[in-house]
Amino acid sequence: MNSLSHMYMALIEYFKFVPEFSNLPIYFKKFIIKNNLNQVFRLNNALVIKSTGLADDPSSLLIIRLFPPDLFLELTKCTIGIFPYLFDPILLKLFLIVLIFSTHLNIRYENNNNHNENNSLTIQIYHIQNIYVELLWRYLLYRCSNLRQAIQLFSSFITRLVDSQYINIKLNEFISNLTSKQT
């Protein structure tokens, strides 16, 4: 997993170019990264796999040796399921930004006890979400030939995201079991 850390860091560096992200206090950046980066990383990982051609032979990936075959197959299907959204770099960037500003993509969400003091920041995050979701929606309407196609594209992406969260639960369980056996 440490071998992938540079990819996580590159994603965080990308988000620093988003003015709304860079203007947030550090503890709030940490909060949204902690809760959203794994899901955003899956989208980035699909982009890397597609652009490197590794999807043509998924068994060639080193990661196949890390996971049981059924979990690896689900991870592969999840990643390949995201490929249709990678055709358009603007769409991809908007999806990444919307996801990082989403609240609690991590199913193992840890409630922040300081919620009251962060209330104005939470409202600010909702405002940022609204801006980028509106921008995403307008871009989908521009790219698609009709409203129905825009709705289908957006809905199918949300479905893939929910599938990814479900796979993430299985992945977390596998890692927890593995680490508990080693201790």
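Rules used throughout
- All chains use their own residue numbering, which begins from 1 and follows the written sequence.
- Where local features are concerned, this predicted model is filtered to residues with pLDDT of at least 70; where side-chain atom pairs are given and counted, the filter is 80 or more; whole-chain, interface and lining totals use all residues.
- Note that the side-chain values use all heavy atoms of the structure and ignore hydrogens as well as water.
- What we call a nonpolar core is a set of buried Ala, Val, Leu, Ile, Met, Phe, Trp, Tyr and Cys residues that are connected through their side-chain atoms within 4.5 Å.
- Exposed residues in this analysis have more than 50% of their type's maximum accessible area, buried residues have under 20%, and partly exposed residues fall in between, with area computed by a 1.4 Å probe over protein chains only.
- Helix and strand assignments follow DSSP, with helices taken as H or I runs no shorter than four residues and strands as E runs no shorter than two, numbered in order from the N terminus.
- Whether two residues are in contact is decided by their heavy atoms: any pair within 4.5 Å suffices.
- A helix is expected to reach a length of 1.5 Å times the quantity of its residues less one.
- Polar contact criterion, stated in full: a pair of N or O atoms within 3.5 Å, where within protein one must be able to donate a hydrogen and the other to accept it, and residues adjacent in sequence count only if both atoms are side-chain atoms.

A. Geometry of the nonpolar core. Counting 43 residues, the largest nonpolar core has Leu43, Phe101 and Tyr132 as the members making the most contacts within it. Within the residue set of this core, elements represented by two or more residues are helix 1 (5-16), helix 3 (26-52), helix 5 (89-100), helix 6 (119-143) and helix 7 (147-182). A per-element tally of this core places helix 3 first, with 10 residues. With near-sequence residues (within four places) excluded, Phe101 lies in contact with Val18, Glu20, Phe21, Leu24, Ile32, Asn36, Ile125, Ile128, Gln129 and Tyr132.

B. Main features of helix 7. For helix 7, which comprises 36 residues, the first-to-last C-alpha distance of 52 Å matches the rise-based estimate of 52 Å (1.5 Å per residue) to within 8%. At the N-terminal boundary of helix 7, the capping side chain belongs to Asn146, with an oxygen 3.1 Å from the backbone nitrogen of Arg148.

C. Quick peek at helix 5. Spanning 12 residues, helix 5 covers 17 Å between terminal C-alpha atoms, matching the ideal 16 Å at 1.5 Å per step. Here helix 5 lies mainly inside the structure; 9 of its 12 residues are buried. If you check which residues of helix 5 are buried, you get Leu91, Leu92, Leu94, Phe95, Leu96, Ile97, Val98, Leu99 and Ile100. Where helix 5 starts, the residue carrying a side-chain oxygen 3.0 Å from the main-chain nitrogen of Ile90 turns out to be Asp88.

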